[in-house]
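Here's the letter readout for the chains.
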Amino acid sequence: MRRAGMGEEERGTMIESAARKLATELVGRREAINRELSRNGVRFGIYQNGTYHDRLFPYDPIPRIIESDEFDGMEAGLKQRVDALNAYLRDIYSDKRAIKDGVVPEEYVYTSSGYFPQVNGVMPPGGIFAHIAGEDLVQGQDGRWWVLEDNLRIPSGASYPLFARDIERRITPSLFRNVHVRDNRDYPRLLRKSMDFVSTDGIAVVLTPGRYNSAFFEHAYLAEKTGAALAFPEDLEVVDNKLYFLDYSGKRHRVGVVYRRLSDEYLDPFAFNPDSVIGVPGILSAYRSGNVAIVNAPGNGAADDKAIYYFVPDMIRYYLGEEPILHNAPTYMPMFEQDRREVLDRLGELVIKDVAEAGGYGVVFGSSLDARQREELADRIKAEPRRFIAQEVIQFRDIDVANPETGELEPRKCDLRAFVVTGKNTHVWYSGLTRYSSVPGQMIVNSSQGGGFKDTWVLAKDSGVEHDCAPGSESVHVLEQSRKHSLALVTASKADNLFWLGRYTERVFTTLSQFFPFYDRVMDTDVDAFRPFARALDLPEDFEDFDAFIHSFLYDENNPDSVRSAIVYAFNNAVILRPELGSRSLQQVELAVGSIVEASECTGADADIFKHRDIADNMLAFWGGVEDSPVDPTLKSFIFVGKYMERLDLYTRFGYRMDELKAPLTKLANYLMPLQGLPVPQCFAEGLRWLVGQLPQRGYGALAEKLGVLLDDFDGRISTKGLKDLGMLNTMDMDAARI
């Protein structure tokens, strides 16, 4: 309740003070929050020396805090800016009035690497080009906000503060009740509303280039939260200028909107880069025909070119008839003679940006160069003036970061990526991605350069917590959308992922369950007691160094037959299925990966035995979570058919009695019942055919006959949809000799 006589300034100070107290509380919970981020697979991929590394995105628990009135001003400026940029894109690909009227020089438009004549004359559905804009801002020492970049192609990062906030609220619920922070959980709803507003006719799809894209976690997480299907390029095809999603049986589902997460250059090999192997041939033709919406629209790079940035204030005046609310950093254009002289004279004072680069690359601070380096850069600017811009160095504010080792607060440079979502209306998300540099004093904060992230708290007005969607307004029932993830939207590659996820999780569980009784006998007798176990799994039996053999079997990541490899294979299949199975179920597989890595580092100690127990518990929790979830029963069947097929294989290897095989056989039959009359993927038939061929040699002829009847039924229902091999991990090395 507001205290009588309290002024706005005093109230604001009290709210911010309470928020900072809450932030301090979160520092003490850093380990717990990072543990939650880890178990949920909140990752960001980077490439170093040509090798992909999947790592946790460093998180700092001290949020950036923005007061309510301050954000309101920023919000107005961001809406204004994005509206002007959308107007510019509509114009530049149609009438080109801005060129005719001298707002943007012609040579800057047509020489932009982001301008694509292939979309000239195309008006996207709803007239929206930039559905999602990522606006990068910094706050100067005087408190003024400056826009550094506009990102209108495929801006990433919204999922990280979205996920972190949910964990923060759960860990400190009482504190959040006392501090009114604007709710940021409506981002998926805003995104889905924008997608639905421009959709032509059909389902919504998130198009990802693949598992090893740096932002794949975000692709899968946003697909999960919006209820859209996560599609790989091979899952889509164009027929008669219409885009279709192909399920595992080859059936086509019309696509109305694609939230694409790959660059224009690779989107369509027919229209852009002909060497692209990750695009969808013909998708631009479907888009040009008005048969599918693409979020964000192809060709948006014509507006977020670092050189075009210079002209955005003039765009606001020209298209909107308003003065800019937010300011550009003072910028010089070497293409202009006067600016070029200024840049060359003050090269040691300015920051130089290569307009062809992104992600913090191609940014050079003149003060960091020696005389020879400055001379070389000056020669490059003279030779290619269109390629560079120069800006005054803005001394933006430091924000405290908690040192992960000491817990002490240390200043770091931070920027803010604000997300603006445009559909029927333009919304500024009540949050943002605050990125901080990993090195004190360093001004480049991009995650690709090793930076971390913070949550961004926007304080609510005096009336209480605010939401992006007011109660009673049009909304999207995301839960209903998520329930549509059934076999109807399972692709051929995901059918394999589901099947092998079931097999590998079972392989881990049963192998560990069988391992310890045999290993126990070695302690009481000798290594010969372990030979039956090794023989059952087709492992070497020449134990020249028994301890080394055991270590390799359990922990060697380069041994395809190791337990660790089986867990990693399970994870590689699971991570693709986040939208279908949900983050909560998949975290159990992520935990198992962490446990096996930790166990490998403490071998010889008691701790590694307990880690094995935890891994087995993770598998049980995963199966239970999937079984108890609202996931479509037919989709669940794909996992559990794989699971019980693997169990029958392993149990017969270890010589179980027929009466002990009744339970897994019954389970297999039960999970096949929902699939009656439906096509089955080829992996079902291939796996069963191999098993039926092996059983007589193991002394299970009667079981082979029973399963043979099932195989005959499979053979009559095999899906003929072929898999396109784009490096997906489905069948693994461990199975190469057995199937």
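Residues numbered from 1 in each chain as written. Predicted model: local features only at pLDDT ≥ 70, side-chain atom pairs only at ≥ 80, totals over all residues. Heavy atoms only, no water.

### Re the overall build of the protein chain
Then step 1. What the protein chain contains, in helices and strands, is 27 helices and 21 strands.
Then step 2. Put simply, of all contacts in the protein chain between residues at least 6 apart along the chain, 72% involve residues at least 24 apart.
Then step 3. Summed over its atoms, the accessible surface of the protein chain is roughly 30,200 Å², and 48% of this surface lies on carbon and sulfur atoms. (Helix = DSSP H or I, 4+ residues; strand = E, 2+ residues; numbered from the N terminus. Contact = heavy atoms within 4.5 Å. Areas by Shrake-Rupley, 256 points an atom, 1.4 Å probe, with all protein chains shown as cover.)

### Notes on the sheet that holds strand S15 (residues 363-365)
Then step 1. As summarised here, the arrangement of the four strands in space is S13-S16-S14-S15, forming an open sheet in which the pairing is antiparallel. A strand with exactly one partner marks an edge of an open sheet, and here the two such strands are strand S13 (331-332) and S15.
Then step 2. In the sheet, strand S14 (residues 351-354) pairs with S15 via three bridges, with the strands oriented antiparallel. If you follow Ile352 over to S15, its bridge partner there is Val364. (Pairing = 2+ DSSP bridges.)

### Quick notes on unusual backbone geometry
With glycine set apart, most residues show a phi of negative sign, and most peptide bonds adopt trans.
Then step 1. The omega angle of the peptide bond from Val295 to Asn296 is -15°, so this bond is cis rather than trans.
Then step 2. Here Asn296 lies in the loop between strand S11 (293-295) and helix H12 (301-304).
Then step 3. Within the chain, Asp240 stands out as a residue other than glycine whose phi angle is a positive 55°.
Then step 4. Tracing the backbone through its elements, the reader meets Asp240 in the loop between strand S8 (236-239) and strand S9 (242-246).
Then step 5. For Asp538, which is not glycine, the phi torsion reads 60° and is therefore positive.
Then step 6. Within the element layout of this structure, Asp538 appears in the loop between helix H18 (531-536) and helix H19 (546-555).
Then step 7. A relative accessible area of 54% means that Asp538 is categorised as exposed. (Buried < 20%, exposed > 50% of the residue type's maximum accessible area, 1.4 Å probe, protein only.)

### Brief notes about the nonpolar core
Then step 1. Counting residues in each nonpolar core, the largest one holds 132 residues, and the members touching the most others are Tyr187, Phe530, Phe533, Leu581, Phe684 and Leu707.
Then step 2. Of the residues forming this core, the biggest block, twelve residues, is contributed by helix H17 (residues 492-524).
Then step 3. If we skip the residues at most four places from it in the chain, Leu581 touches Leu498, Leu501, Leu586, Phe622, Val631, Leu635 and Ile639.
Then step 4. Within the second largest apolar cluster, 80 residues are counted, among which are Ile99, Val103, Phe272 and Ile394. (Core = buried A, V, L, I, M, F, W, Y, C linked by side-chain atoms within 4.5 Å.)

### Considerations on the environment of Phe245
Then step 1. Residue position: Phe245 is located in strand S9.
Then step 2. You can call Phe245 buried: its relative accessible area is 0%.
Then step 3. For the pair Phe245 and Ala231, spaced 14 residues apart in sequence, the C-alpha to C-alpha distance is 7.9 Å.
Then step 4. Excluding its chain neighbours within four sequence positions, the residues that come into contact with Phe245 are Ile203, Val205, Ala229, Ala231, Asp235, Leu236, Lys251, Arg252, His253, Val255, Leu489 and Thr491.

### A short note on a negative patch on the surface
Then step 1. Where like charges cluster on the molecular surface, the negative patch consists of Asp542, Glu544, Asp545 and Asp547.
Then step 2. Relative to the helices and strands, Asp542 resides in the loop between H18 and H19.
Then step 3. Taking the relative accessible area as the measure of exposure, Asp542 reaches 54% and is therefore exposed. (Patch = residues over 30% accessible without salt bridge, like charges linked within 9 Å, V, L, I, M, F, W, Y side chains within 5 Å. Salt bridge = Lys/Arg side-chain N within 4 Å of Asp/Glu carboxyl O. Lys, Arg positive; Asp, Glu negative; His and termini not counted. Charge placed at Lys NZ, Arg CZ, Asp CG, Glu CD.)

### Digging into the confidence of the model for the protein chain
Then step 1. Of the residues in the protein chain, 87% have a pLDDT of 70 or more, and the chain-wide mean is 86.
Then step 2. For residues 1-6, every residue scores under 50 in pLDDT, and the model assigns this stretch seven contacts once sequence neighbours within four places are set aside.
Then step 3. Low pLDDT, under 50, characterises residues 722-739; the stretch is placed with 46 contacts to residues that sit more than four places away or in other chains. (pLDDT = per-residue confidence, 0-100.)

### A word on the environment of Ile308
Then step 1. Secondary-structure assignment places Ile308 in the loop between H12 and helix H13 (312-320).
Then step 2. For Ile308, a relative accessible area of 0% puts it in the buried group.
Then step 3. Dropping the residues within four chain positions of it, Ile308 is found in contact with Tyr88, Val104, Tyr108, Ala302, Ala303 and Met315.

### Brief notes about the pairing of S8
Then step 1. Of the strand pairs in this sheet, S8 and S9 are connected by four bridges, and their pairing is antiparallel. Directly across from Glu237, in S9, lies its bridge partner Tyr244.
Then step 2. Here S8 folds back onto S9 in antiparallel fashion, the turn holding two residues, of which Asp240 has a positive phi close to 55°.

### Observations regarding H17
Then step 1. In a regular helix each residue adds 1.5 Å, so 33 residues correspond to 48 Å; H17 covers 49 Å between its end C-alpha atoms and thus fits that length.
Then step 2. Counting buried residues along H17, 25 of its 33 residues qualify, which places the element largely inside the surrounding structure. (Expected span 1.5 Å × (residues − 1).)

### Side note on the side chain of Asp268
Then step 1. Positionally, Asp268 belongs in the loop between helix H10 (264-267) and helix H11 (283-288).
Then step 2. This buried residue, Asp268, is left without a salt bridge; Arg288 holds the nearest opposite charge, at 9.3 Å.
Then step 3. Within the structure, the side chain of Asp268 is placed 3.0 Å from the backbone nitrogen of Leu284, a separation counted as a polar contact.
Then step 4. Among residues more than four places away in sequence, those in contact with Asp268 are Asn273, Gly279, Val280, Pro281, Gly282, Ile283, Leu284 and Ser285. (Polar contact = N/O pair within 3.5 Å; in protein donor to acceptor, adjacent residues only side chain to side chain.)

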